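# Topology and contacts: notes
Listed below are the residues making up each chain.
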Amino acid sequence: MELKTATLANIEEILALHYRYQVDSISEDDKADGFITTAFTKEHLTNLIQHENGLFTASVDNKIVAYAMAASWDYWSQWPMFEFMIKHLDDSTCLGQSITKDNSYQYGPVCVDKSVRGQGVFEKIFNYSLSEMSKRYPIMVTFINKINPRSYEAHTRKTPLTVIKHFEFNNNHYYKLACKTAE
Ligand SMILES: CC(C)(COP(=O)(O)OP(=O)(O)OC[C@H]1O[C@@H](n2cnc3c(N)ncnc32)[C@H](O)[C@@H]1OP(=O)(O)O)[C@@H](O)C(=O)NCCC(=O)NCCS
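Bear in mind that the values here come from a model prediction, so they are computed numbers and not experimental data.

Cut-offs used in this document
- Within each chain, residues carry numbers counting from 1 in the order of the written sequence.
- In keeping with the model being predicted, local features are shown solely for residues with a pLDDT of at least 70 and side-chain atom pairs are shown and tallied solely at 80 or more, while totals for entire chains, interfaces and linings include all residues.
- For side-chain calculations, the full set of non-hydrogen atoms in the structure is used, while hydrogens and water are omitted.
- Each residue is assigned to one of three classes by its accessible area relative to the maximum for its type, calculated with a 1.4 Å probe on protein chains only: buried under 20%, partly exposed between the two thresholds, exposed over 50%.
- Comment: elements are numbered from the N terminus, with helices defined as DSSP H or I runs of at least four residues and strands as E runs of at least two.
- Here, the term right-handed applies to a crossover whose path from the first strand over the helix to the second runs clockwise when the strands point away from the viewer.
- Pairs of strands are assigned from DSSP output, requiring at least two bridges between the strands.
- Contacts are residue-level and defined by heavy atoms, with any inter-residue pair within 4.5 Å sufficient.
- Think of a polar contact as two N or O atoms within 3.5 Å of one another; within protein, one of them needs to be a possible hydrogen donor and the other a possible acceptor, and neighboring residues in sequence only count if both atoms come from side chains.
- To form a nonpolar core, buried Ala, Val, Leu, Ile, Met, Phe, Trp, Tyr and Cys residues must be joined to one another through side-chain atoms within 4.5 Å.

### Quick look at the pairing of strand E7 (residues 139–145)
The element E7 is largely enclosed, with a buried count of six among its seven residues. Traced from strand E6 (residues 104–112) through helix H5 (residues 121–133) to E7, the parallel crossover comes out right-handed. Where E7 and strand E9 (residues 172–180) come together, seven bridges link them in antiparallel fashion. When the bridges of E9 are listed, Met140 appears paired with Cys179.

### A look at the environment of Glu132
By secondary structure assignment, the location of Glu132 is in helix H5. Note: C-alpha distance between Glu132 and Ala70 (62 residues apart in sequence) is 9.7 Å. Apart from the residues lying within four places of it in its own chain, the contact partners of Glu132 are Thr5 and Phe56. For Glu132, the side chain forms a polar contact with the side chain of Lys135, separated by 3.0 Å.

### Description of the nonpolar core
Of all hydrophobic cores here, the largest spans 36 residues; its most connected members are Leu45, Leu55, Tyr67, Met69, Trp76 and Ile99. Those elements giving two or more residues to this core turn out to be helix H1 (11–20), helix H2 (42–52), strand E3 (63–71), helix H3 (73–76), helix H4 (80–87), E7, strand E8 (162–169) and E9. Discounting residues that sit within four places of it in the chain, Leu45 has contacts with Ile11, Ile14, Leu15, Phe40, Leu55, Met69 and Tyr75. Of all hydrophobic cores here, the second largest spans 26 residues; its members include Ala58, Phe122, Ile144 and Leu177.

### Overview of the environment of Leu3
Mapped onto the elements of the fold, Leu3 is located in strand E1 (residues 2–5). Sequence separation between Leu3 and Ile125 is 122 residues, and the spatial gap between their C-alpha atoms is 6.9 Å. Excluding its chain neighbours within four sequence positions, the residues that come into contact with Leu3 are Thr57, Ala58, Lys124, Ile125 and Tyr128.

So this is what it looks like as structure tokens:
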């Protein structure tokens, strides 16, 4: 398996993977194993790559089987949900350290194709994105919808993330999680 930081040439393949598991286009059968809410466009991913260097991929036999996104809060602020998270960044801490717009970034969504789930691809792409982003930020922040138990299990048991807050936005219930990016 090959882990990489995505380039513009990868966008089409990543969008195809994304829309297999995006809430508006995912098959009913796949929904129980989690879905992604945000409908990313080519333009969103272009900005993510060019301005944030924040799109990571895992490939098997030259085929992209997983992606993970990570970016500054400024990037994410184009969506209301993240505006809300930015406004409330100071409502919790990470191992006693204050969380600010400058010392933290938002990781996610992450998506692993169902053909390779449960095979360690999730941990590998998570750790790769963490290690790349640790060069720029000391704290990772993310959120998980409470109706996505598979994502919750994966992130709380297979990564250093811990739940630091519970919150509600637009009638959805979320966990907020954080971890330090280095020891
Ligand atoms: C969430 C996701 C990235 C996790 O990757 P993965 O390869 O499936 O993760 P794993 O299988 O290694 O770990 C998930 C764990 O949850 C368990 N699990 C599976 N379904 C579950 C459920 N409905 N409830 C509770 N636990 C569940 C699995 O058994 C596994 O634990 P185990 O390894 O101890 O058996 C992947 O499932 C995915 O891309 N889902 C669709 C998109 C998504 O939801 N992304 C996250 C939100 S942005």
